[in-house]
Amino acid sequence: MSDPKNQPLRKTENYAQLTLDAAPAQSTEQPAKSNEPTVLSVEQLNIQIKQLIEGQMGMVWVRGELSNFKAHTSGHFYFSVKDSKSQITAVMFRGNNSRLKFKPTDGMEVMVRGRVTVYEPRGNYQLMVDMMEPVGAGALQKAFEQLKHKLRTEGLFDSARKRPIPTFPRHIAIVTSPTGAAIRDILNVLSRRAKSIQVTIVPTIVQGEAAAPQIREAFKKAVALPDVDAVIVGRGGGSIEDMWCFNDEGLARLIAASPIPVISAVGHEIDFTIADFVADLRAPTPSAAAELVAKSSSELVNKVTSLERMLKLSFDRKMKFLREKSLGLSKRLVDPKRRLEDLELRNDDLLTRLELAMSTLINKKEHRVELLTQKLGTPQNLIDRRKKELGFMQARTEKALLFSLERKKSRVDRMMAMLDSMSPLRVVDRGYSIVTKDSKVIKSASQVKVGDSIDIRLAQGSLTATVSGVKGE
């Protein structure tokens, strides 16, 4: 039976046929039954409907207006999506709705993505939503994802092509609005952390339809400035429409091709633009970009002081170690003549120990040779012992051979007696005779006819006779 999920729903005159097509395959074949309809429980019917609907439909995008919206205490969203002619109930679980960047309300036009499912206890079908976007922002989001995929495929997001930001830059160019809050935050951080850094502001608008071309031109000017060590491109937070100019493909390609390291500082920490992905470094905020590019003067002073202290402590420890080592070596120095006398005494001692060890070893070897000689004996004794063993083995062999011959002879005698008792000649000795014709034993009267010559073997001697009559043929 085929999988019901792969079968199209079709009309049929007998509803039992539809039920059988939709039911899952059973583990054993059932015998053929009559044409009586199969009766299902409500639960079975809902299960089969659920399998059909969920098997035929995958993920879908639906556009419509929110109504009956309710944020449950469990964190789940329950609502309906409707248009002028129809509506469908929907649910969005807490794990998915926690990622929304807006608050859904009744009457809001949205685009939702989800899958159609059936709630079995009530027999209702509903849309299980995992993504929701307001209409308008959804179109921008799609364009964002398409451009993001295109540039990633080209390798513009690869970390291997990104350059490190200089540790101590001397000249920074900032491409942003000269009147926005972002530039004030950046300058405040730089003035506090690194007053020695030269800052060049390349002004541009950062919002609206004309923003993208102006940002591109401003970026080109910033890169062309002499002795620029890093470029910051960014603005403050806003809606997706406000920051859309930083999703411009032309700007992304300029940033990727820049010979100078680029820091993207667009919006807040939760905001992402195409410029963030192609830049050499993404800062969550403009202030963070300034902190990343400019090391604090006080931090540098503290670090140098700490390194100086560590160097002094290390130098002191090394000098102390060398002094102690020198003192130890000086104590170990002695008069060369005294050293030679000590070596002579040690040489004599080692020679005495060597002689004693050699003498002990020789004594042990001699004693072992004596023991082995006693154990081995003389060659003549070994020969005599082997001769005795050989004589003993010969006697045993002869005795065993005689015993075997006697046993074989006795067995032959028994077999001869048994064979003799079964000989035909023994039967003849008891008064019987053996009749042959042409050397063949006659067992039946049918083997001869009147006038045939036959031989008769008796116990003593034999006869030759002629058949004069035949009986019992």
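Model, not experiment: these values are computed from the prediction.

Engineer: I keep staring at the sheet that holds strand S9 (residues 262-266) and nothing clicks. Help me out?
Structural biologist: The strands that make up a sheet pair up through hydrogen bonds in the backbone, lying either parallel or antiparallel. The sheet built from 5 strands is open, its strands ordered S7-S6-S8-S9-S10 with parallel pairing. Since the sheet does not close on itself, it has two edges, and those belong to strand S7 (198-203) and strand S10 (281-282), each with one partner. In terms of strand pairing, strand S6 (residues 171-176) meets S7 through 6 bridges, oriented parallel. Residue threonine 176 lies in a different strand from S7, and its bridge partner there is proline 203.

Engineer: Where do I start with the side chain of arginine 235 in this structure?
Structural biologist: Residue position: arginine 235 is located in strand S8 (residues 230-235). Buried and unpaired, arginine 235 has aspartate 242 as its nearest opposite-charge partner, separated by 4.9 Å. A distance of 3.4 Å separates the side chain of arginine 235 from the backbone oxygen of aspartate 242, its partner in a polar contact. Filtering out sequence-adjacent residues up to four positions away, arginine 235 remains in contact with Thr176, Ala182, Val206, Gln207, Asp242, Met243, Phe246, Ala265, Val266, Gly267 and Pro286.

Engineer: What is the right way to look at the pairing of strand S1 (residues 59-71) in this model?
Structural biologist: Remark: a regular strand shows side chains that alternate across the two faces of the sheet. Alignment of S1 against strand S4 (residues 109-119), held across 7 bridges, turns out to be antiparallel. Pairing of valine 60 across the sheet is with glycine 114, part of S4. Linking two consecutive strands that pair antiparallel, namely S1 and strand S2 (residues 77-82), is a turn of 5 residues; a positive phi of about 100 degrees is found at glycine 75 within it.

Engineer: Mind showing me how you'd approach the confidence of the model for the protein here?
Structural biologist: Regions with low pLDDT should not have their predicted coordinates read in detail. For the protein, per-residue confidence averages 82 on the pLDDT scale, and residues scoring 70 or more make up 89% of the total. Across the protein, element-level confidence peaks in S2 with a mean pLDDT of 94 and bottoms out in helix H1 (residues 15-22) with 33. Across residues 1-29 the pLDDT falls below 50, and counting only partners more than four positions away or on other chains, this stretch makes 34 contacts in the model.

Engineer: Explanation requested: the packing of aromatic side chains in the structure shown.
Structural biologist: For any two aromatic rings, the description comes down to two numbers: the centre-to-centre distance and the angle of the planes. The full count for this structure, using the stated rule, is 5 aromatic pairs. Seen from their ring centres, phenylalanine 272 and phenylalanine 277 are 6.0 Å apart, and the 20 degrees between their planes marks the pair as stacked. Site record: aromatic cluster; members linked through ring pairs are Phe144, Phe157, Phe272 and Phe277.

Engineer: I tried to follow the packing of helix H5 (residues 181-193) against helix H9 (residues 286-293) on my own but got confused; where do I start?
Structural biologist: Helix packing for two helices is described by the angle between their axes and how far apart those axes are. Taken N-terminus to C-terminus, the directions of H5 and H9 make an angle of 30 degrees; their axes are 8 Å apart at the nearest point. When the axis of H5 is compared with that of H9, the two are roughly parallel. Of the two elements, H5 crosses H9, and the hand of that crossing is right-handed. Counted together, Ala182, Asp185, Ile186, Val189, Leu190, Arg192 and Arg193 of H5 and Pro286, Ser287, Ala290, Glu291 and Val293 of H9 form the full contact between these two elements. Classifying every residue of the contact of H5 with H9 gives 7 nonpolar, 1 polar and 4 charged.

Engineer: Any chance you could explain unusual backbone geometry here in plain terms?
Structural biologist: Negative phi characterises most residues that are not glycine, and trans characterises most peptide bonds. Here the phi dihedral of aspartate 438 falls at roughly 55 degrees; this positive angle occurs in a residue that is not glycine. Among the structural elements, aspartate 438 can be located in the loop between strand S11 (434-437) and strand S12 (440-441). The backbone phi angle of serine 439 is positive, close to 65 degrees, even though this residue is not glycine. Following the sequence through the fold, serine 439 ends up in the loop between S11 and S12. Given the relative accessible area of 71%, serine 439 is considered exposed.

Engineer: What is the right way to look at the nonpolar core in this model?
Structural biologist: Soluble globular proteins tend to bury their nonpolar side chains together. Counting residues in hydrophobic clusters, the biggest one holds 34 residues, and the most contacted among them are Val175, Ile215, Phe219, Val231, Phe246 and Ile255. Residue contributions to this core peak at 7 residues, all from helix H6 (residues 211-224). Discounting chain neighbours no more than four positions away, the residues touching valine 175 are Val202, Thr204, Ile215, Ala218, Phe219, Ala222, Val231, Ile232, Val233 and Gly234. Listed in part, the 19 residues of the second largest apolar core include Ile172, Leu190, Ala230 and Ala289.

Conventions and cut-offs
Each chain has its residues counted from 1, following the order in which its sequence is written. It should be noted that, the model being predicted, local features are given only for residues of pLDDT at least 70 and side-chain atom pairs only at 80 or more, the latter also being counted only at that level, while totals for whole chains, interfaces and linings use all residues. The side-chain quantities take in all heavy atoms of the structure and omit both hydrogens and water. Note: two strands are recorded as paired if DSSP finds a minimum of 2 bridges between them. Segments assigned H or I by DSSP are reported as helices when at least four residues long, segments assigned E as strands when at least two residues long, and all are numbered from the N terminus. Only protein chains enter the accessibility calculation, which uses a 1.4 Å probe; a residue whose area is less than 20% of its type maximum is buried, one above 50% is exposed, and one in between is partly exposed. Under the convention used here, Asp and Glu are negative, Lys and Arg are positive, and both His and the chain ends fall outside the count. Counted as salt bridges are all cases of a side-chain nitrogen of Lys or Arg within 4 Å of a carboxyl oxygen of Asp or Glu. Each polar contact in these results corresponds to two N or O atoms within 3.5 Å; when the atoms are within protein, one needs to be able to donate a hydrogen and the other to accept it, and residues that are neighboring in sequence are counted only if both atoms are side-chain atoms. Contact between two residues is taken to exist if any of their heavy atoms lie within 4.5 Å; hydrogens are not considered. As a per-residue measure, pLDDT tells how confident the predictor is, with possible values from 0 to 100. Stacked, edge-to-face and tilted are the three classes for Phe, Tyr and Trp ring pairs, Trp counted by its six-membered ring, which pair at centre distances within 6.5 Å; planes under 30 degrees apart are stacked, over 60 edge-to-face, the rest tilted. To get an axis, fit a line to the C-alpha atoms, keeping to the stretch in contact for a helix; angles then go from 0 to 180 degrees between the N-to-C directions. Note that the term roughly parallel is reserved for angles under 35 degrees, roughly antiparallel for angles over 145, roughly perpendicular for angles of 65 to 115, and oblique for everything else. Handedness of a crossing follows from how the near helix is turned relative to the far one, being left-handed for an anticlockwise turn of less than a right angle and right-handed for a clockwise one. Throughout this entry, Asp, Glu, Lys and Arg are counted as charged residues, while Ala, Val, Leu, Ile, Met, Phe, Trp, Tyr, Cys and Pro are counted as nonpolar. The remaining residues, Gly among them, count as polar. Residue types Ala, Val, Leu, Ile, Met, Phe, Trp, Tyr and Cys, when buried and joined through side-chain atoms within 4.5 Å, form a set referred to as a nonpolar core.

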